[in-house]
Amino acid sequence: MCHEKCLKTLRSVCSCMSPALIRVPVAHCFGPAGHKKRFCCVCRKQTEGSSALRCEVCELHVHADCAAFSCADCRTSHLDVTLEQDTFHHHWREGNLASAARCEVCRRSCGSSDVMAGMRCEWCGITSHAACYLSVPPECTLGRLRCMLLHPACVRLDSRNFSKMHCYRITESCSHDLDNFDDVDSSSAVPKDGQLAAPESGKQSLKVFDGDDAVKRGFFRLVSILRATRNEEVVEAALRAFYLPDEPQDYELHEVGGTQRLHSDDILNRNSGPDNRKDGGDAWLLRAKPRDAEVIKVYAGWPRSGPAFVSVSVSKSSTAASVLPEVLSQLDRQVRQDEDASTFSLMEVSMSSKQVQRQTLTPQENIVDKLQEIRKASLRQMNQTRFYIVENKKPEVQVNLLIGGLPPLLTKEEYGQLIQEHLTAKSHLVAISHFYASQGAVALRISCFSEAERIYMLAKDTAVNNKTLTSLVVPEIEVTENCTHNAPAAAVTGLTVVVFQHHRLGGGVCPLLVFVNPKSGGLKGRELLYSFRKLLNPHQVFDISNGGPLAGLHTFREIPRFRVLVCGGDGTVGWVLGVLEAVRHKLVCREPPIGIVPLGTGNDLARILRWGAGYSGEDPHHILVSVDEADEVLMDRWTILLDAQDISEDGKDNGFLEPPKIVQMNNYFGLGIDAELSLDFHQAREDDPDKFTSRFHNKGVYVKVGLQKISYTRSLHKELQLQVDAQNVPLPNIEGLIFLNIPSWGSGADLWGSEADGRHGRPSIDDGLLEVVGVTGVVHMGQVQSGMRSGIRIAQGNYIRLTVSKPIPVQVDGEPWIQPPGHIIISAAGPKVRMLRKSKQKQKKSSAGVKDGRSESPSSRDGGH
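The structure contained in this document is the topic of the report that follows. (Residues numbered from 1 in each chain as written. Predicted model: local features only at pLDDT ≥ 70, side-chain atom pairs only at ≥ 80, totals over all residues. Heavy atoms only, no water.)

**Considerations on the sheet that holds strand β40 (residues 727-729)**
What counts, and what does not: Paired strands are those between which DSSP finds at least two bridges. Secondary structure counts use DSSP, requiring at least four H or I residues in a row for a helix and at least two E residues in a row for a strand, with both numbered from the N terminus. Axis definition: a line fitted to C-alpha atoms, over the contacting stretch in the case of helices. Angles run 0 to 180 degrees between N-to-C directions.
Pairing is antiparallel in the open sheet, where 6 strands are placed in the order β37-β36-β47-β44-β39-β40. Among the strands making up the open sheet, the edge pair consists of β37 (661-665) and β40. Across this sheet, the average inter-strand angle for adjacent strands is 20°, counted without regard to direction. Two elements, strand β36 (residues 638-642) and strand β47 (residues 822-828), share 5 bridges in a ladder whose sense is antiparallel. Each residue of the ladder has a partner; that of L642, found in β47, is I824.

Following this line, the structure appears as structure tokens:
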């Protein structure tokens, strides 16, 4: 509603007309929206409470019962092989702007927390008034984050019937209760502000269905009308309820289960009738009147300037083949000599917000009969259906699946046999394009959609050696393309064709690969996952709990230069570094620098790289800008061989007593009391993981287990023999021995200390040395944590050998276990790794904040930011 004087400035598009504005239909990925205040993009009312939904990759918010009336207008994140796209334009979304947002055109405030107002491009982030945004040039430059964004034109994904949840690897737990939101029950039709209320005096409520499918599922809309109302007014109210923009005289109401039919002159009056039934009112079916002739819109399946569609009149005798010549003529399509109208087809595209479905019509298919068939099933579906004209070319199908959970360290042929045995893959359609023996994973290239869908679903229900397989749809990133150029030949007359490679990523672009552990940091991990999917291309954001780091590294394997951002605790960072070390030989960029968003408990590595003690709700957009401006530093990594027999002492013929266990260490390695506290904490978390969702609670449990060990005595110096750089080092009377790679331990404590020491050098993360420190017990550890004392400095070195005489608790980067007697050898692990350290200048800038509206992400106005 608006004032009459304001009507001339009204530019908001009615919800019933939204499907007509879509250029390339892209389905949404709906997930629970939580309890934050937003506005529904369908009914424009507030969405608060558990019934609200949001798209996981764009800024669409809807009520659960409005979701069926939203259309497939999500962001285009990859190339669509069926419908070609032209230049990259802004993707505008109305409403839910930051309160500080300013218009790109008039520079006035355009955000509001009271109503649905303003427009925002979901790629570059610029904002504008609904009356101003048409003045903005249509081409999108991708904004401040373009240097780290994976351009959609570089991403190829042949998905067909794979849902967008599968394409973006969004875990099913996010959408478990949302897969059938079209099939909501009758309770979804009640008003947003309360339960189904009794009709007001003089009014009655009608249940209205929009087609046979709705009757079968029980999906209806409640229409409240006066008791004496003409049918045409009832039809008009029903069309509004279903967001249909058609004229009421083209429709009529049929009584469900009966033969009564209401015409435009009839008066609906049930004063003495059965309107006192307690089922919510009479049930009626809204039907379109039969039509002998219609006008349909046909859209071009290729990029073109001017209108995206043409209007064509069809009669009862019109078929798909008969309308093609007129469509081609109106589209000014120049037909080549080797083609005619028969080389094109009509394609029916259903633009449901949950999944876009395409079906090619046969040349003999009757158009009017097809339209009546769709309308009979669902009038709402008819409003979300359009026709395209496409060329009859068969594009090369290439679906890429990453299958994990296979036994490690097999050959390519052995993996092929396993895939054939357990998934009965058709060898002429399925090929192994890459395999990762250390990870027990293979990448399959499949040339048939139905075979890819079958293998994808079957793998999730298949176990090999009692381990369930994982299956992920992964995109193909096209880094370069071959271009031809006619150039004068040097020695002959005429032209020669020169083929050269053009980088599609663009100059200066260094895409960011994002890993998020949604289980870290309580619910903050999931919110970061959602925010980064919106700010970047969702194909560069990976849920690390769904398939691990390999899926992201495999996707980025051909990119010559990229960076990595890990959102999680120190354990998650170590996981990514470990997988990167194992597969780096298959990457073009073998040493991508790694940044951190700290979501764990200790976050020691993030602290020394200036990313902070823990994520506390910073604006995700500012985090990405900080990553872009971060400095690259080198860091040592160490390999720990556990239970390794020293061949030089016991004879070369003796060999290893058992295969050594190899562990990678980034932060620190502890034995004794330090590891025992970590082990007790780990066991408590395993017993009741739901309680360990915040850093405050986790540290409280650490304090509790520490107090229980306050009288602990072990005399560790009697159970260990230490060698540093081939020199025996006597141990003092200690209860814990810790080897430090970074100058932060136990949630930020400086265990080595800052005092100058003539016997030892100043510690650094890239000096190639480990610091060996001892602690005398829990009290000493508490004093170190409070800054009152430091540890006992023992040695520095780059080759450590320990002999353990009794079983002892050990921990590496917070992962504890009991180590049996034997030998432990610590040595440098190959090349140093490249890390990202937050620049000091950026730290100062971020504290002041950037006031320009386009630098804010939509989540920056959420609670806690």
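**Section: helix α7 (residues 412-423)**
Formally: By this rule, a helix spans an expected 1.5 Å times one less than how many residues it contains. Contacts are residue-level and defined by heavy atoms, with any inter-residue pair within 4.5 Å sufficient.
With 12 residues, α7 ought to run about 16 Å at 1.5 Å a step, and its terminal C-alpha atoms sit 16 Å apart, in line with that. Check the buried side of α7 and you find it contacts β22 (399-404), β23 (430-436), β24 (441-446), α8 (449-460) and β25 (463-464).

**A short note on the nonpolar core**
As a reminder, the rule being used: Joining through side-chain atoms within 4.5 Å is the link that ties buried Ala, Val, Leu, Ile, Met, Phe, Trp, Tyr and Cys residues into a set, and such a set is a nonpolar core. A simple rule labels every residue: compare its accessible area, found with a 1.4 Å probe on the protein chains alone, to the largest value its type can have, and call it buried under 20%, exposed over 50%, or partly exposed in between.
Counting 66 residues, the largest nonpolar core has V514, F532, L565, C567, L624 and M835 as its most contacted members. In terms of residues, this core owes the most to one element, helix α11 (residues 570-583), which gives 6 residues. Not counting chain neighbours up to four residues away, the residues in contact with F532 comprise V514, V516, V541, L565, C567, P620, I623 and L624. Membership of the second largest hydrophobic core comes to 48 residues, among which are F30, V42, L239 and L286.

**So, a nonpolar patch on the surface**
Here is the rule we go by: Exposure above 30% relative accessible area and the lack of any salt bridge qualify a residue for a patch; like charges then connect within 9 Å, and the nonpolar side chains Val, Leu, Ile, Met, Phe, Trp and Tyr within 5 Å. Note on areas: these come from Shrake-Rupley sampling with a 1.4 Å probe, and a residue is covered only by the protein chains present in the view. The working definition used for a salt bridge is a side-chain nitrogen of Lys or Arg within 4 Å of a carboxyl oxygen of Asp or Glu.
Taken together, the side chains of V13, M17 and L21 define a hydrophobic patch exposed on the protein surface, amounting to about 260 Å² of accessible area. In this fold, V13 is placed in the segment before β1 (30-32). Taking the relative accessible area as the measure of exposure, V13 reaches 37% and is therefore partly exposed.

**Overview of unusual backbone geometry**
The phi angle at L142 is positive, at roughly 75°, despite the residue not being glycine. With respect to the helices, strands and loops of the structure, L142 is situated in the loop between β8 (127-128) and β9 (155-156). Accessibility expressed as a relative area gives 7% for L142, which makes it buried. Unlike most non-glycine residues, L409 shows phi in positive territory, near 60°. Tracing the sequence through the fold places L409 in the loop between β22 and α7.

Purely geometric stuff here, so don't read any function into it on its own.
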